[in-house]
Amino acid sequence: MSMLLFGYVLGGRSYFYKIPHPFESGIISVGSARLRVPIRFSLLAILFVLFDAEILYLYTWSVCVRDLGWIGLLKICFFINTLFMALFYLVKNNIFEWIVSK
């Protein structure tokens, strides 16, 4: 309790609590923090995260490939086939067309 009391009595005072705008790192903000991000960017970001996470599975498989044997090989072939089918579906539906056109 005494440490809280000493901190209150001896501590520094902030005079910025009466200012109506945000205060971060000693710099008063200018403009709005709300940016409009196109849905295309969000779609590309989601696809990147999905395919990047799948690369982690492939790396884990490649580390322990000898321990998994033939069953592991068949499972990873099924997994890679599923990835290719998803990629084929995205290309067929022209998901990546806007990247090339810009």
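First, a word on scope: everything that follows refers to the structure included in this document. Sequence order as written defines the numbering, with residues in each chain counted from 1. The predicted nature of this model means local features are confined to residues of pLDDT at least 70 and side-chain atom pairs, given and counted, to a pLDDT of 80 or more, with totals for whole chains, interfaces and linings taken over all residues. The basis for every side-chain value is the complete set of non-hydrogen atoms in the structure, without hydrogens or water.

1. Notes on the overall build of the chain
Comment: elements are numbered from the N terminus, with helices defined as DSSP H or I runs of at least four residues and strands as E runs of at least two. What the chain contains, in helices and strands, is 4 helices and 2 strands. Listing the helices and strands of the chain from first to last along the sequence gives α-β-β-α-α-α. Put simply, the chain has 102 residues, and 6% of those count as buried. We call a residue buried when its accessible area falls under 20% of the maximum for its residue type, exposed when it is over 50%, and partly exposed in between, using a 1.4 Å probe and counting protein chains only.

2. A closer look at helix 3 (residues 65–92)
The span expected for a helix works out to 1.5 Å for each residue beyond the first. The end-to-end C-alpha distance of helix 3 is 33 Å, clearly below the 40 Å that 28 residues give at a rise of 1.5 Å each. The bend reported for a residue corresponds to the angle between axes fitted to the seven residues ending at that residue and the seven starting there. In helix 3, a bend of some 80 degrees at Ile71 exceeds every other bend along the element. Every buried residue belonging to helix 3 is among Gly72, Ile76, Leu83 and Leu90, and all of these are buried. Close packing links the buried residues of helix 3 with helix 2 (39–63). One or two steps after helix 3, the chain reaches Asn94, where phi turns positive at roughly 55 degrees. Note on definitions: a residue-residue contact is assigned when non-hydrogen atoms from the two residues lie within 4.5 Å.

3. Observations regarding the environment of Lys75
The residue Lys75 is located in helix 3 in this model. We classify Lys75 as exposed; its relative accessible area is 59%. Separated by 14 residues in the primary sequence, Lys75 and Trp61 have C-alpha atoms spaced 9.9 Å apart.

4. Some remarks on the environment of Leu47
The residue Leu47 is located in helix 2 in this model. Leu47 gets classed as buried once you look at its relative accessible area, which sits at 12%. Spatially, the C-alpha atoms of Leu47 and Leu87 are 9.8 Å apart, while their sequence positions differ by 40 residues.

5. Remarks on the packing of aromatic side chains
Only Phe, Tyr and Trp rings are paired, with Trp represented by its six-membered ring, and only when their centres lie within 6.5 Å; those with planes under 30 degrees apart are stacked, over 60 edge-to-face, the remainder tilted. Counted under the stated rule, the structure contains 1 aromatic pair. Measuring from ring centre to ring centre gives 6.0 Å for Tyr57 and Phe79, while their planes differ by 80 degrees; the resulting arrangement is edge-to-face. Remark: Phe79 occurs in helix 3 and Tyr57 occurs in helix 2; sequence separation between them is 22 residues. The exposed category is assigned to Tyr57, whose relative accessible area is 55%.

6. Quick notes on the packing of helix 2 against helix 3
Between the N-to-C directions of two axes lies an angle of 0 to 180 degrees, each axis being a line fitted to C-alpha atoms and, for a helix, fitted only over the stretch in contact. It is at 10 Å that the axes of helix 2 and helix 3 come closest, and there the two elements cross at 165 degrees. By the criterion of interaxial angle, the relationship of helix 2 to helix 3 is roughly antiparallel. You can see that helix 2 and helix 3 cross each other, and the crossing is left-handed. In this structure, helix 2 uses Leu47, Phe51, Glu54, Tyr57, Leu58, Trp61, Ser62 and Val63 to contact helix 3, whose residues at the interface are Val65, Leu68, Gly72, Leu73, Ile76, Phe79, Ile80, Leu83, Leu87 and Leu90. The residue inventory of the contact of helix 2 with helix 3, partitioned by class, reads 15 nonpolar, 2 polar and 1 charged. The cut-offs work like this: below 35 degrees is roughly parallel, past 145 is roughly antiparallel, 65 to 115 is roughly perpendicular, and the gaps in between are oblique. By definition, any crossing whose near helix is turned counterclockwise from its far helix by less than a right angle is left-handed, and any crossing with a clockwise turn is right-handed. Gly is placed with the polar residues, together with every amino acid not listed as nonpolar (Ala, Val, Leu, Ile, Met, Phe, Trp, Tyr, Cys and Pro) or charged (Asp, Glu, Lys and Arg).

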